[in-house]
Amino acid sequence: MKIGILAVQGDFEAHAAMLAGMGVDTVEVRTREDLQGCDGLILPGGESTTQLQFLQEEGLYDAIQKFAADNRAIFGTCAGAILLATHVENPKQESLKLLDMTVLRNGYGRQMASDVVTGPSTLKKEPLEMVFIRAPIIERLGPGVEVLAEYAGKPALVQKGRVMAAAFHPELTSDTTVHHRFIKMAADKD
């Protein structure tokens, strides 16, 4: 099992540290070649417009779409969730269009409004800890997109097939529940 983590900016090192603690090998993805041999890919938080520009300039935009078409697992957190959405608002932005949802950038407020909360999830009985930092709001979901966790009446963690998106940063907690879900997705080759 090897998980690629887009390593342009943002919190990619926190994802790598969490996965290392779970015994999972990771590789920093900065080129198309870095994706080869990966069972899954994490698109971390950061600034979605900067990341999108990098993906387009380095040929990773098409490579990630092919990665998804090859039925590989992809997980986007915060800015990564924005990159996965079919529709991005506030303001409008291009995206990879791999998960049928509409997101509102900075929907939960700017940096000063960032917060650590708990909310219900389908992944465990106890409330799930969620770290929101300039987080997007998942405003609309397409058919078949499953809500795995909610916050303030809105989806916060969603999945369809082998694509999962979180409006929050699970890698900034000590709880590995969300990453376990992703690793299971990446390991399931069916």
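Let me begin by describing the structure that accompanies this report. In this convention, every chain numbers its residues from 1, walking through the sequence in written order. Given that this is a predicted model, residues contribute local features only at a pLDDT of at least 70 and side-chain atom pairs are listed and counted only at 80 or more, while totals for whole chains, interfaces and linings are drawn from all residues. Based on all heavy atoms of the structure, the side-chain values leave hydrogens and waters out of the count.

**Some points on the overall build of the protein**
Across its full length, the protein holds 6 helices and 12 strands. All radius of gyration figures rest on C-alpha atoms, and the globule criterion is 2.2 Å times the number of residues raised to 0.38. Its C-alpha atoms give the protein a radius of gyration of 15 Å, near enough to 16 Å, the size a compact globule of 190 residues would have. Along the first, second and third principal axes, the C-alpha atoms of the protein reach 40 × 35 × 30 Å. Buried positions account for 51% of the 190 residues belonging to the protein. Residue-level accessible areas treat just the shown protein chains as cover; the underlying method is Shrake-Rupley with a 1.4 Å probe. Just so you have it, the protein exposes about 8,300 Å², and 50% of that area is on carbon and sulfur atoms. Only runs of H or I of at least four residues qualify as helices and only runs of E of at least two qualify as strands under DSSP, and these elements are numbered from the N terminus. For every residue, the accessible area obtained with a 1.4 Å probe (protein chains only) is divided by the maximum for its type, and the residue is called buried under 20%, exposed over 50%, and partly exposed between those limits.

**Topic: the environment of E57**
As for its position among the elements, E57 is in helix α3 (residues 48–57). On the basis of relative accessibility, which here comes to 55%, the residue E57 falls in the exposed class. C-alpha of E57 to C-alpha of T118: the two residues are 61 residues apart in sequence and 38 Å apart in space. A distance of 2.9 Å separates the side chain of E57 from the side chain of Q53, its partner in a polar contact. In protein, a polar contact means a hydrogen-donor-capable atom and an acceptor-capable atom, both N or O and within 3.5 Å, with residues adjacent in sequence counting only if both atoms are side-chain atoms; elsewhere, any N or O pair within 3.5 Å suffices.

**Here we look at helix α4 (residues 60–69)**
Within the sequence span of α4, burial applies to L60, Y61, A63, I64 and F67. One side of α4 carries all its buried residues, which in axial view fall inside an arc of 165 degrees. In α4, the exposed residues that point more than 90 degrees away from the buried face are D62 and A69. Here the buried face of α4 lies against β1 (2–6), β2 (25–29), α2 (32–35), β3 (40–43), α3 and β4 (73–77). One or two positions beyond α4, positive phi appears at N71, with a value near 65 degrees. It is the directions from the helix axis to the C-beta atoms whose arc is reported. In this analysis, two residues are considered to be in contact whenever any of their non-hydrogen atoms come within 4.5 Å of each other.

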